[in-house]
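Here's the letter readout for the chains.
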Amino acid sequence: MNFIITGGAGFIGINIALELEKQGHHVYIVDNLSSGSKDNLKEFQGTFIQEDIRTIDWEKRFGKLDIACVFHEAAITDTRVMDERLIKAVNVDAFKRLAEYCISKNIKLIYASSAAVYGSAAPPMVENQKLTPLNPYGKSKKLMDEVALEFIEKNPKSVIIGLRYFNVFGQYEAKKGSFAS
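Computed from a prediction, not measured in an experiment: that's the story for all the values here.

**Quick word on the overall build of the chain**
Per the secondary structure count, the chain includes four helices and six strands. Of the regular secondary structure in the chain, the N- to C-terminal order runs β-α-β-β-α-β-α-β-α-β. If you line up the chain on its principal axes, its C-alpha atoms span 45 × 40 × 30 Å. Taking contacts inside the chain between residues at least 6 apart in sequence as the whole, the part at least 24 apart equals 64%. For the chain, the exposed area adds up to about 10200 Å²; of that, 52% sits on carbon and sulfur atoms. Counting 23 positive and 22 negative side-chain charges, the chain places the centres of these two groups 2 Å from one another.

This is the structure:
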């Protein structure tokens, strides 16, 4: 099968890509390398496309291919970025365009949400509790969840899955100083 991974040169994306390749699938990574690393791609055997998710023409790049699923990991993940317009453009608007494309082609979409949507709520976190993000990153992930729900309501046969990652760590994680997991 063919898979697309946005943000595939990043920590989570490359781990997904390498696992899919181990299973015998072909993987297309789309990454602008703004935070991902070409070093992470050393073992990757698939197709790397260096392009920005805000401007890529999904139909032109992938319209003739049979894509089973898109793993959308591309985002501004630095919670210190306060430029709400930039975060919305990268995290929300680009996601919306990708979701529209996936729905039009009947492609499953699995995207990275975040525990940041819960803000400072007391644990344990429950999926349907009130979401109170504390920063632009968390707000963007909450908006992505809302976009996904809206698309599913309008297109009930589509598959869109959001994963609210908490503390992820492992191979290929960039050194983030005090922000490292």
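**Points about the environment of Ile103**
As for its placement among the helices and strands, Ile103 is situated in helix 3 (residues 84–105). Distance from Ile103 to Lys157, taken between C-alpha atoms, is 9.1 Å for residues 54 residues apart in sequence. Once residues within four sequence positions are removed from consideration, Ile103 is found in contact with Phe151, Asn155, Ser158 and Ile160.

**Things to note about the pairing of strand 2 (residues 26–30)**
Among the five residues that make up strand 2, four are buried, leaving the element largely enclosed by the rest of the structure. Alignment of strand 1 (residues 2–6) against strand 2, held across five bridges, turns out to be parallel. The partner of Thr6 across the bridge, within strand 2, is Val30. Read from strand 1 through helix 1 (residues 11–22) to strand 2, the crossover connection turns out right-handed. Summarising the sheet, strand 2 and strand 3 (residues 47–49) pair through three bridges and their orientation is parallel. Bridge pairing links Ile29 to Phe48 in strand 3.

**Some remarks on the nonpolar core**
A general feature of soluble globular proteins is that nonpolar side chains tend to end up buried together. Core analysis: the largest hydrophobic core is formed by 29 residues, its most contacted members being Ile4, Val30, Trp58, Phe62, Val70 and Leu109. Elements with a minimum of two residues in this core: strand 2, helix 2 (58–62), strand 4 (67–72), helix 3, strand 5 (108–114) and helix 4 (136–154). Considering each element in turn, this core owes the most residues, nine residues, to helix 3. When sequence neighbours within four positions are dropped, the list of residues in contact with Phe62 reads Ile4, Tyr28, Val30, Ile49, Ile56, Ile67 and Tyr101. Ala9, Ala17, Phe71 and Tyr172 belong to the second largest nonpolar core, which has 17 residues in total.

About the thresholds
Residues numbered from 1 in each chain as written. Predicted model: local features only at pLDDT ≥ 70, side-chain atom pairs only at ≥ 80, totals over all residues. Heavy atoms only, no water. Helix = DSSP H or I, 4+ residues; strand = E, 2+ residues; numbered from the N terminus. Contact = heavy atoms within 4.5 Å. Areas by Shrake-Rupley, 256 points an atom, 1.4 Å probe, with all protein chains shown as cover. Lys, Arg positive; Asp, Glu negative; His and termini not counted. Charge placed at Lys NZ, Arg CZ, Asp CG, Glu CD. Buried < 20%, exposed > 50% of the residue type's maximum accessible area, 1.4 Å probe, protein only. Pairing = 2+ DSSP bridges. Right-handed = clockwise from strand over helix to strand, strands pointing away. Core = buried A, V, L, I, M, F, W, Y, C linked by side-chain atoms within 4.5 Å.

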